[in-house]
Amino acid sequence: MGGVAQISAAITAPGVITQVGTFMRMIFGELDGRRSRRGEDFLALCLKGGFDATLSDQILTELWMKFIALAANASITAATRQPIGKLRDDPDIRAIFISAFQETIDVGRASHVALPEDALKRTIDFIGHAPPAMKASMALDLERGNRLELPWLGGKVVELGRKLGVPTPTHGMMYALLKPYIMGTPA
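Just so we're clear, the structure is a prediction, and the values are computed from it rather than from any experiment. (Residues numbered from 1 in each chain as written. Predicted model: local features only at pLDDT ≥ 70, side-chain atom pairs only at ≥ 80, totals over all residues. Heavy atoms only, no water.)

So, the overall build of the chain: which residues are in play, and what are the values?
A count of helices and strands for the chain gives 7 helices and 3 strands. Going residue by residue from the N terminus, the α and β elements of the chain occur as β-β-α-β-α-α-α-α-α-α. The C-alpha radius of gyration computed for the chain amounts to 17 Å, which stays within 12% of the reference 16 Å derived for 187 residues, consistent with globular compactness. Considering only C-alpha atoms, the chain reaches an extent of 50 × 40 × 30 Å along its principal axes. The 187 residues of the chain split such that 42% are buried. Counted over contacts in the chain with a minimum sequence separation of 6, partners at least 24 positions apart contribute 66%. Of the accessible surface of the chain, which amounts to about 10,200 Å², a share of 58% is contributed by carbon and sulfur atoms. (Helix = DSSP H or I, 4+ residues; strand = E, 2+ residues; numbered from the N terminus. Rg over C-alpha atoms; globule rule 2.2 N^0.38 Å. Buried < 20%, exposed > 50% of the residue type's maximum accessible area, 1.4 Å probe, protein only. Contact = heavy atoms within 4.5 Å. Areas by Shrake-Rupley, 256 points an atom, 1.4 Å probe, with all protein chains shown as cover.)

Kindly report on the pattern of salt bridges, identifying the contributing residues and their values.
Where charged atoms from two side chains of opposite charge approach closely, those side chains can pair. Inspection of the entire model under this criterion finds 8 salt bridges. For glutamate 30, the salt bridge identified is with arginine 38, shortest N-O distance 2.7 Å. Arginine 38 sits in the partly exposed class, given a relative accessible area of 48%. (Salt bridge = Lys/Arg side-chain N within 4 Å of Asp/Glu carboxyl O.)

Requested: an account of the side chain of aspartate 141, with residues and values cited.
Mapping aspartate 141 onto the fold places it in helix α5 (residues 137–144). The side chain of aspartate 141 is buried and forms no salt bridge, while arginine 144, the nearest opposite charge, is found at 4.7 Å. Those residues in contact with aspartate 141 that lie beyond four places of it in its chain are Asn146, Arg147, Leu148 and Glu149. (Lys, Arg positive; Asp, Glu negative; His and termini not counted.)

So what about helix α1 (residues 37–48)? Which residues, and what values?
A rise of 1.5 Å per residue sets the reference length of α1, with its 12 residues, at 16 Å; its end C-alpha atoms lie 16 Å apart and thus fit the reference within 8%. Among the residues of α1, those classed as buried are Gly39, Leu43 and Cys46. For α1, the angular spread of buried residues about the axis comes to 65°, placing them on one side. Seen from the buried face of α1, the exposed residues on the opposite side, beyond 90 degrees, are Arg37, Leu45 and Lys48. Glycine 50, located one to two residues past α1, shows a positive phi value of around 90°. (Expected span 1.5 Å × (residues − 1). Arc of directions from axis to C-beta.)

Before we move on, can you summarise the nonpolar core with the specific residues and values?
In this structure, Trp64, Ile76, Phe97, Phe101, Leu115 and Met138 are the most contacted members of the largest nonpolar core, which totals 38 residues. Of all the elements in the fold, those that place two or more residues in this core are α2 (59–80), α3 (91–110), α4 (119–128), α5, α6 (154–164) and α7 (169–178). Core analysis: the second largest hydrophobic core is formed by 5 residues, Phe28, Leu43, Cys46 and Leu55 among them. (Core = buried A, V, L, I, M, F, W, Y, C linked by side-chain atoms within 4.5 Å.)

Let's hear about a nonpolar patch on the surface: which residues, and what values?
Taken together, the side chains of Met1, Phe42 and Leu45 define a hydrophobic patch exposed on the protein surface, amounting to about 280 Å² of accessible area. Look at phenylalanine 42 and you get partly exposed, because its relative accessible area is 34%. (Patch = residues over 30% accessible without salt bridge, like charges linked within 9 Å, V, L, I, M, F, W, Y side chains within 5 Å.)

Give a detailed account of the packing of α3 against α7, specifying residues and quantitative values.
Remark: α3 packs on α7, axes separated minimally by 8 Å, with the N-to-C direction vectors making an angle of 110°. Here α7 runs roughly perpendicular to α3, going by the angle between their axes. From α3, Ile96, Ser99, Ala100, Glu103 and Thr104 reach across to α7, where they touch Pro169, Thr170, His171 and Met174. Residues of the contact of α3 with α7, tallied by class, amount to 4 nonpolar, 4 polar and 1 charged. (Axes fitted to C-alpha atoms, helices over the stretch in contact; angles between N-to-C directions. Parallel < 35°, antiparallel > 145°, perpendicular 65-115°, else oblique. Nonpolar A, V, L, I, M, F, W, Y, C, P; charged D, E, K, R; others polar.)

Could you give an account of α2, naming the residues involved and the relevant values?
Given a rise of 1.5 Å per residue, 22 residues ought to cover 32 Å, and the 31 Å separating the end C-alpha atoms of α2 matches this to within 8%. Arginine 81, located one to two residues past α2, shows a positive phi value of around 60°.

I'd like a description of the side chain of glutamate 103, backed by residues and values.
With respect to the element layout, glutamate 103 can be found in helix α3. Leaving out residues up to four positions away in the same chain, glutamate 103 has contacts with Pro167, Thr168, Pro169, Thr170 and His171.

This is the structure:
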């Protein structure tokens, strides 16, 4: 099964994860879209445990919808070293968010992912409701001098864009700016 976890949290010490804000949600489902017994069982366990959980018949779309937001958020909050609340309403930075979101949407559609027509609007709305103190885990890793998830986020958008012939200049720029930190703080 594929799954999407939506939570703002950070590893604050070995074995200690601290949640930022109250938002937490899980979406999961079989990659082929069918309902399964294990999916139903897992949903029942999640609901019994008090989780906001959804069993999806379109998990690939859900994964890409998270990827659209996460690839941009990770790179932008890392590059600026600022939380989302200080960035999302700045008109200059908002334009970068929108461009990065659209690039990932374009790459997803070129990959034949069934993204909703309003994918950009949904992503902008999601960012507008994110906890103001939220920073992507990649931004927190950068602050701590740790390795970055860049190759699997913005770097993956750039890689897929090249492969599919989809321009990704915004992600390309952010990837280039953050690339020296992929393995942690340069010596």
